[in-house]
Every structure is written in structure tokens, then in C-alpha cells.
Amino acid sequence: MYSMRRWSAKHANKLHHLYSGVESTLYKAAPLLEKIGYDKLEKPFMAVEKVTKGLLFDSQSCGQCTLGSTGMSCPMNCPKTIRNGPCGGVRPNGKCEVKPDMDCVWVVAWEGTQNMPPKEQAIHIVQPALDSRKKGTSAWLREVRLKRQEKAKANASQ
Amino acid sequence: MYFEDEPNPGENLPILPGHVSAGRFERVLRAGQFAVTAEIAPPDSADPQEVYDRAEVFDGYVDAINATDGSGANCHMSSVAMCALLAHKGYSMIMQVSCRDRNRIAIQGDVLGASAMGVSNILCLSGDGVQSGDHPEAKPVFDLDCMSSLSMLKGMRDQKQFLSGRKLTKPPEVFLGAAANPFAPPFDYRPHRLAKKVAAGAQFVQTQYCFDIEMLENYMKKVVDMGLHEKVFILPGVGPLASARAAEWIRSNVAGVHIPDAIIKRLAGAENQKQEGINICTDMINAIKDMQGVHGVHIMAYRMEYAVAEIVEKSGVLGNRKPWYPTRDIA
Ligand code: SF4
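Residues numbered from 1 in each chain as written. Chains lettered and ligands numbered in written order. Predicted model: local features only at pLDDT ≥ 70, side-chain atom pairs only at ≥ 80, totals over all residues. Heavy atoms only, no water.

A few words now on the overall build of chain A. Along chain A, the regular secondary structure elements total six helices and zero strands. From first element to last, N terminus to C terminus, chain A shows the α and β order α-α-α-α-α-α. Against the globule reference of 15 Å for 158 residues, chain A gives a C-alpha radius of gyration of 16 Å, in line with a compact fold. Principal-axis analysis of the C-alpha atoms places the extent of chain A at approximately 50 × 30 × 30 Å. Out of the 158 residues belonging to chain A, those deemed buried represent 46%. Considering only contacts in chain A between residues 6 or more positions apart, those separated by 24 or more positions represent 67%. (Helix = DSSP H or I, 4+ residues; strand = E, 2+ residues; numbered from the N terminus. Rg over C-alpha atoms; globule rule 2.2 N^0.38 Å. Buried < 20%, exposed > 50% of the residue type's maximum accessible area, 1.4 Å probe, protein only. Contact = heavy atoms within 4.5 Å.)

Helix and strand content of chain B: 11 helices and eight strands. Projected onto its principal axes, the C-alpha positions of chain B cover 60 × 50 × 45 Å. By the burial criterion, 59% of the 331 residues in chain B qualify as buried. Contacts in chain B between residues at least 24 apart in sequence constitute 77% of all its contacts with a sequence separation of at least 6. For chain B, the exposed surface amounts to about 13700 Å²; the carbon and sulfur share of it is 51%. Averaging the positions of the 33 positive and the 39 negative side-chain charges in chain B gives two centres separated by 6 Å. (Areas by Shrake-Rupley, 256 points an atom, 1.4 Å probe, with all protein chains shown as cover. Lys, Arg positive; Asp, Glu negative; His and termini not counted. Charge placed at Lys NZ, Arg CZ, Asp CG, Glu CD.)

This part takes up the interface of chain A and chain B. Size of an interface, as often reported, equals the accessible area lost when the parts are brought together. Every contact between the two is made by 29 residues of chain A and, on the other side, 26 residues of chain B. Seen at the junction of chain A and chain B, the total is zero salt bridges. In the side of chain A that touches chain B, the residues fall into 16 nonpolar, nine polar and four charged. (Salt bridge = Lys/Arg side-chain N within 4 Å of Asp/Glu carboxyl O. Nonpolar A, V, L, I, M, F, W, Y, C, P; charged D, E, K, R; others polar.)

We now examine the pairing of strand 5 (residues 175–180) of chain B. Residue and element names in this part refer to chain B. Among the six residues that make up strand 5, five are buried, leaving the element largely enclosed by the rest of the structure. Relative to strand 5, strand 4 (residues 121–125) is paired through four bridges, and the arrangement is parallel. Looking across to strand 5, one finds that Cys124 is bridged to Ala178. Tracing the backbone out of strand 4, into helix 5 (residues 146–159) and back to the parallel element strand 5 gives a crossover that is right-handed. The pairing of strand 5 with strand 6 (residues 204–209) spans four bridges and is classified as parallel. In the strand pairing of strand 6, Gly177 is matched with Phe204. Between the parallel pair strand 5 and strand 6, the chain is carried across by helix 6 (residues 190–200), and the sense of this crossover is right-handed. (Pairing = 2+ DSSP bridges. Right-handed = clockwise from strand over helix to strand, strands pointing away.)

So, about the sheet that holds strand 3 (residues 93–98) of chain B. All names here are of chain B. In spatial order, the strands read 1-2-3-4-5-6-7-8; together these eight strands close into a barrel with parallel pairing. Pairs of neighbouring strands in the sheet enclose a mean axial angle of 25°, with direction left out of account. Note that strand 1 (residues 35–40) and strand 8 (residues 296–299) share four bridges and pair parallel. Paired with Val36 across the strands is Val297, a residue of strand 8. (Axes fitted to C-alpha atoms, helices over the stretch in contact; angles between N-to-C directions.)

Next comes the structure, spelled out in C-alpha cells:
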């Protein structure tokens, strides 16, 4: 929801904690999730994720969430889908070059970032190219899966 | 500047230790010279002669020429073709690569091809939105952004592989650049954005038009404080305005260009506005050239390309250095 974007950026810090909280809870529940099977969970998870993130962040469900690095402003609302900061076309009033009625996603992101503690300001990290196959899939499940795989790898190499 | 190992035009220079490219632009910068680059407008034509004519006006005044890639989202001859034609003549080309029209498959292919044809510098841009050009109904691509495209090309050069991990038999030996706009919000984030571009692989950066010295000073101060000027060559952008009316138009229609009222007033009050535009540009260069952290200047003289010679001459930034051009060394 567009009207929520600024609010979410203002409360970026709390929302970021909430968001990380959801992720870590899911991670704790991973053994259970694995028993059920990630594939079976994809649909219901995506439904919840879409509604909550859609409402709060106007999330476009790219499946590779970077909200933590964007002051909780979804970069996929940028008409150029830039995932690494504002383009050179931002208007003097902070509005978007392409959509003059919309606040530049990255102006909002920078505001949001300043409401987060410095060590959590991942806006300074280069985000890699997007994998367009992941669009419309659950970023939460993907995170949990990735973390589990990493851990399994680490355990195996010990 | 003359190099001992000056090759025949169209053949690349040997790559010096510590350099990444076979081009003269990187050499000029790494030799500590104040570099001058200019922008060439690609023709709406399939005639190579038009390309040569457009380059010739810069002969003896610039170290490298930017070939724009559908700038303003308008359709013209492609930057890769312009660069290939001119690199063949020996010019040092900066190929602009925008993410608006091509995905990662096309960009990587073009960069390999360009490098094979003697292009030594690539400048990664996100690109203007299609709404600003002559084909607003086109589908924007934006598969990558300037940052991910920089790191992809750096990977091709240094890791010798495509983004997919597939190996290259010969990597593109290119000097990588990016654009910066210190004159658009969010201002305090802009230096951080430059840092990010450096981290992604940018080795030189050219900025949007500067008409506001104070704003550039503030930006450069932060850039120097962050030590970025030691990691990246910085060439602020300048350009002549044709008239007060043109300036008004640019200000309200070209994304990201900031022109203060004082500049417009100065133009409006001049008897010969075009000449005043050239004078303002020269003044800008004079104010910029001694700023800490500045390594050169990028002149964008759209539709006033002929003025570049006068601007460079009057600003005196080249001293008695004569940049290479096809007939320079022919006695
Ligand atoms: S102005 Fe902001 S939201 Fe609009 S295209 Fe540029 S970066 Fe994206």
C-alpha cells in the first residue's frame, strides 16, 4: 500500500526487528518445516507473506528480499527496479524521475536507514543481480532454507 | 602526451603493470595528468562518415570520448557500433552501457565484442526511464542496475568468467567507469553511493552537469574525507548552455540536472547568450580543476560540440599537452 511506505520507513528499526524476528522464529521451526516439506509450504507461506509485506512495504514479492538493506522500502517499486540506491534522476523534491507523483523509493529508503542502527545499515552493501526465477516465491522460506544449507555445509566440513 | 610504445592507430597499447586496460585514457589518468573527456552524440544514420565527423571536432582536445547509449531514452546509432568505428581509427572510447535496453546476456556479449574491437573503457549506467524518450511505449528491461552490471563486468575481467560462472578464454580488458550525480537528492547519501560503486568495480566516475560549485564542493569534501578520491578517478561533468531559455527547458525537462537561478540570470543578462554559456562552462572548469580529489573534467556539449575546443583552450587545463588524435603524429 503506497500510503504505508513512509510510515514503514519511519518505523524501519522496529519493523526490521520484527522482520528479523519472523525469520529467526521460522529458522527455529525449520526441522518441523522440513518434515512437512518446503514445497508444500510454499503456497500458504507465500499467501501470508504477500499480504503482510504487501500491506506494510508494498512488497512486489521478488523472492529475494532486501528490505533490511533498504530501510524497509521495497526497491522493486522503483520503476527501474534499482536495488542499489537512487538513480541520478531523482527530482529536487525527492519524487521519482519516472513517476512524478511517487516519492523516490530510495529517498524513502535512505530516510528509513537513518532510523536503523549503523551496523544494520546494509544499504552500503552491493546487492547482486536479481534472479528473476524467484519472483512470486516466498523469501522467508528461501532464507530459512539457505541458512539451513549453510549450516549443514559448515557441519559437514568440520 | 606521447607514449614511447605508441602503436598504430586501431591497435591497442600494451597493458602497463598496475593497469587493467590497453587504452590511453587509463594511462593519462594513472600518469597523474588532468584528463579531459567529451561526449559524442550518436547520429540517426547508418553512415560511418557522420560518426567520424562528429569525433573530429574534438581532435587534440580530449583524452577519451564517451559514446552514449540511447541517452534520454532516444533511439540513435548504438554505442557499441560507434565505439568500434572510432576505436578502429585509434580514438580512446568510453562505451556507455545502460541497463534499460539490454539484459545480462546482451550486455556481456556486447562488452566482449567491444573489447575485441579495441574498446578499452566501459561506463555502466542504469539509464534514463523510457518515458523521457521518443519511444515511451517501449518495454524497459532493467534486468540489472548500474551496480550489478559493474560487478558483473569486473567479474568478467578479473575472474575471467560470465556471471553464470562459465569461463572466458580471453577476458575483456576494460577500465570500468560509472556515473554520479552529486546534484540530486538524497544529497548526504550520494558520497556513500559513490563508495558503493567503487566497491562494485568503478575505477573512474563522471558526474552529471555541474552548474553549482558549492554543491560540488560539499560533495567532494565528503568524498575526500571518505578517502574515495584515492580509489577512483573523478571527472566532474560540465557543459555549455545555449541560452537562458534552453537552460529553463533543461531544468524542467531533463532528469537530474540542477541549474541554479543565478546561472539563468547570468545567461539572460548577456548580449550573446551562446558565448556566455561557453564562458560559464569555462568558469566552471576553472573552479573545479583545483578542487581536491578531482582528476579531470567531462564536457557534455550537446549540440554545441564545436565549442569544446574553445572551452578547453580557454580553461588551459591541458597546459601544453596535446592529446592523441589520428593525424597528430603525422608530420
Ligand atoms: S527516482 Fe528513485 S524510484 Fe524513481 S527510478 Fe530513480 S531510483 Fe527509482
